[in-house]
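Structure assessment
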2 protein chains.
Amino acid sequence: MSTKGAETRERIVDRAFRLATRDGLDGLSIGSLASEVGLSKSGLFAHFGSKEDLQVAVLRAAAERFEQVVIKQAFRAPRGLPRIRRLFENWCRWGSDPGVPGGCLFVAAAAELDDKEGRPRDYLSGVQIQLTETLAKSARLAIEAGHFRADVDCDQFAFEMFAIIFGYYHSKRLLRSPHADARAERAFERLVETSKA
Amino acid sequence: MSTKGAETRERIVDRAFRLATRDGLDGLSIGSLASEVGLSKSGLFAHFGSKEDLQVAVLRAAAERFEQVVIKQAFRAPRGLPRIRRLFENWCRWGSDPGVPGGCLFVAAAAELDDKEGRPRDYLSGVQIQLTETLAKSARLAIEAGHFRADVDCDQFAFEMFAIIFGYYHSKRLLRSPHADARAERAFERLVETSKA
DNA sequence: TTACAAATAGCACGATCGTTCGTATCTTAT
DNA sequence: ATAAGATACGAACGATCGTGCTATTTGTAA
């Protein structure tokens with residue numbers, strides 16, 4: 001039952017996702033997006049009831065992809081420090097993926113949406129809070145595995161890991177620093193080191 | 001010599017600055033900005049040759065204000081650790097200033113401009129690189145003052161301090177975490193602690 | 001006060017925005 | 001094969017965008 005529509009919808013969202021990393025969620029335009037996927041403006045629009053719906057769909061697609069290539073992949077590593085390391089590596093790579101020209105959509109969207117109420121904002125903040133919790137939980141597992149000291153504040157750990165990622169993207173994408181990778185890695189190592197048992 | 005024009009130009013830029021923290025530099029619209037300051041669209045436009053010029057003017061105004069209320073103010077503290085502490089406090093407060101509804105313009109602009117070539121991007125990245133250097137230099141002074149160990153990597157210190165600020169704004173503004181301030185402060189303290197002599 | 005320059009307004013331009021609607025063309029299940 | 005429903009198109013809407021032009025107002029200096 002009706003697979004055709006879902007296919008094109010996927011094509012649309014995929015292109016929109018890539019465009020949004022460059023131009024932001026508000027910078028997305030139905031018209032130019034339509035011509036890029038080879039649809040008429042109204043034909044594309046019919047797949048979403050509104051631009052806001054499209055934005056949410058893009059965020060949802062990004063979240064699913066992130067879950068796949070960053071989280072799920074990392075969870076194949078043994079719990080504890082190895083898994084956390086993988087998370088960090090994958091996360092860094094996530095924003096440097098060629099084929100996704102504009103880097104991490106979440107970083108762009110976070111700055112864009114933090115002052116605009118609405119469903120896109122709600123969805124994004126939900127995803128990010130969930131991600132924070134995943135990080136904290138991973139830290140907790142590292143304690144259980146004996147890799148981290150028992151008195152490590154896991155929520156604090158999640159906050160700092162998140163912060164390093166932000167610093168990394170900023171240094172890499174805006175400042176175009178050739179040392180961004182090294183800096184981020186060192187910061188992460190320092191974080192891990194002060195948490196170790 | 002023509003002080004009137006400069007005055008209204010200042011009024012325009014000031015309002016645009018506040019608007020841009022909410023809606024971004026691209027989200028700025030000449031029309032709505034004009035009606036907010038009580039000018040006609042063309043009357044306002046005449047002050048800047050183009051929208052890009054307006055954007056640069058806004059960034060320049062933000063940079064001057066930042067220099068004043070964050071940097072200069074902090075530099076009244078004695079060099080070394082006290083000054084660095086002040087920098088951090090001022091910087092945190094800078095993005096929470098009521099009267100500037102949308103938080104830190106630089107954070108919003110950084111995510112917005114990192115993929116768009118042009119004068120706004122060039123100006124912003126210049127300012128941010130300069131800020132990074134200021135931080136690194138402050139760390140160097142802390143070494144000279146005997147507050148920090150001599151083997152502290154000052155550029156790394158700047159990177160990590162920057163990163164904490166990003167994490168802070170994200171946690172505070174998007175996630176609306178009530179613990180953002182505490183988390184940022186703790187992260188900063190950990191950074192300072194591992195740098196101390 | 002008069003003359004000149006600076007500052008602002010008014011109007012229009014082509015373009016594009018998100019959205020609606022009626023209609024046509026395809027898919028798919030019977 | 002045919003009816004029904006999904007999918008897409010074309011045209012148009014009012015609104016707003018940035019940006020030119022030409023007046024008109026305002027401020028300033030002689």
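Residue positions within a chain follow its written sequence, with the count starting from 1. For this description, chains carry letters from A and ligands carry numbers from 1, given in the order in which they are written. Totals for whole chains, interfaces and linings use every residue, but because this is a predicted model, local features are given only for residues with pLDDT of at least 70 and side-chain atom pairs only at 80 or more, for both listing and counting. As a rule here, side-chain values cover all heavy atoms of the structure and leave hydrogens and water aside.

Turning to the overall build of chain A, a few remarks are in order. The way it works is that DSSP assigns letters per residue, a run of H or I at least four long becomes a helix, a run of E at least two long becomes a strand, and they are numbered from the N terminus. From N to C terminus, chain A includes 9 helices and 0 strands. Listing the helices and strands of chain A from first to last along the sequence gives α-α-α-α-α-α-α-α-α. Its C-alpha atoms put chain A at 60 × 40 × 30 Å along the principal axes. Under the scheme applied here, a residue whose accessible area is under 20% of the maximum for its type counts as buried, over 50% as exposed, and between as partly exposed, the area being computed with a 1.4 Å probe on protein chains only. The buried share among the 197 residues of chain A stands at 50%. Whether two residues are in contact is decided by their heavy atoms, any of which lying within 4.5 Å being enough. Contacts spanning at least 24 positions in sequence make up 68% of the contacts within chain A whose residues lie at least 6 apart. Note on areas: these come from Shrake-Rupley sampling with a 1.4 Å probe, and a residue is covered only by the protein chains present in the view. Of the roughly 9,000 Å² that chain A leaves accessible, carbon and sulfur atoms contribute 52%. Between the averaged position of the 30 positive side-chain charges in chain A and that of its 27 negative side-chain charges there is a distance of 5 Å. Here the positive residues are Lys and Arg and the negative ones are Asp and Glu; neither His nor the chain ends is included. One atom stands in for each charge, and that atom is NZ of Lys, CZ of Arg, CG of Asp or CD of Glu.

All right, on to the environment of alanine 108 of chain B then. Residues and elements named next belong to chain B. Within the fold, alanine 108 resides in helix 6 (residues 105-113). Residue alanine 108 is classed as buried on the basis of its relative accessible area of 10%. Sequence-wise, alanine 108 and glutamate 189 are 81 residues apart; in three dimensions their C-alpha atoms are separated by 26 Å.

Attention now goes to the protein's contact with DNA strand D. Being near a molecule or strand, for a residue, means having at least one of its heavy atoms within 4 Å of it. Neighbouring residues of DNA strand D: 18 residues in total, closest Ser40, Ser42 and His47 of chain A together with Ser29 and Lys51 of chain B. By atom count, sugar and phosphate contribute 64% of the portion of DNA strand D lying within 4 Å of the protein. In this structure, leucine 28 of chain B approaches DNA strand D through a main-chain N or O atom, which is 3.2 Å from a phosphate oxygen. Whenever two N or O atoms come within 3.5 Å, that pair is a polar contact, provided that in protein one can donate a hydrogen and the other can accept it, and provided that, for residues adjacent in sequence, both atoms are side-chain atoms. Within the backbone of lysine 51 of chain B, a nitrogen or oxygen atom sits 2.7 Å from a phosphate oxygen of DNA strand D. Looking at the surface near DNA strand D, the element that brings in the most residues is helix 3 (residues 41-45) of chain B, giving 3 residues. Residues are grouped as follows: Ala, Val, Leu, Ile, Met, Phe, Trp, Tyr, Cys and Pro are nonpolar; Asp, Glu, Lys and Arg are charged; all remaining types, including Gly, are polar. In the surface near DNA strand D, the residues fall into 5 nonpolar, 11 polar and 2 charged.

Taken together, the contacts link 43 residues of chain A with 43 residues of chain B. When chain A packs against chain B, the two sides together hide about 3,700 Å² of surface, and 53% of this comes from carbon and sulfur. The quantity reported as buried area is the accessible area (1.4 Å probe) lost by two parts once they are put together, taken as the sum for both. Looking at the side of chain A facing chain B, the largest losses of area belong to Phe159, Leu174 and Arg190 of chain A, adding up to 19% of the total buried there. We define a salt bridge as a contact between a side-chain nitrogen of Lys or Arg and a carboxyl oxygen of Asp or Glu at a distance within 4 Å. On the surface where chain A and chain B come into contact, there are 14 salt bridges. One salt bridge in this structure joins aspartate 153 of chain B and arginine 186 of chain A, with 2.8 Å as the shortest N-O distance. For the pair chain A and chain B, the interface holds 20 residue pairs in polar contact (both at pLDDT 80 or more). If you list the elements that add at least two residues to the side of chain A that touches chain B, you get helix 1 (4-27), helix 6 (105-113), helix 7 (119-144), helix 8 (154-174) and helix 9 (180-193) of chain A. By residue number, the principal contributor to the side of chain A that touches chain B is helix 8 of chain A, which donates 14 residues.

Further remarks concern the relation of the copies chain A and chain B. Fitting of the copies onto one another was done by least squares over C-alpha atoms, counting residues only where both copies have pLDDT of at least 70. Of the transformation placing chain A onto chain B, the axial shift is 0.0 Å and the rotation is 180°, giving an RMSD of 0.0 Å. Here the copies are linked by what is in effect a two-fold axis. Among all residues of chain A, the minimum C-alpha distance to the rotation axis is found for alanine 163 of chain A, at 2.6 Å. Comparing contact sets, 100% of the residues at the interface of chain A also lie at the interface in chain B, consistent with an isologous, same-surface contact.

Neighbouring residues of DNA strand C: 21 residues in total, closest Ser29 and Lys51 of chain A together with Ser40, Ser42 and His47 of chain B. Here a phosphate oxygen of DNA strand C sits 2.5 Å away from a polar atom, N or O, in the main chain of serine 40 of chain B. Every element with two or more residues in the surface near DNA strand C is listed here: helix 2 (30-37) and helix 3 (41-45) of chain A together with helix 1 (4-27) and helix 3 of chain B. When its residues are assigned to classes, the surface near DNA strand C shows 6 nonpolar, 12 polar and 3 charged.

With that settled, consider helix 4 (residues 51-74) of chain A. All names here are of chain A. For a helix, the expected span equals 1.5 Å multiplied by the number of residues minus one. Taking 1.5 Å as the rise per residue, helix 4 with 24 residues should run 34 Å; its terminal C-alpha atoms sit 34 Å apart, in good agreement. At glutamate 67, helix 4 shows its largest kink, close to 35°. Taken together, the buried positions of helix 4 are Leu54, Gln55, Val56, Ala57, Val58, Leu59, Ala62, Ala63, Phe66, Val70, Ile71 and Ala74. Throughout, bend refers to the angle between the axes fitted to the seven residues that end at a position and the seven residues that start at it.

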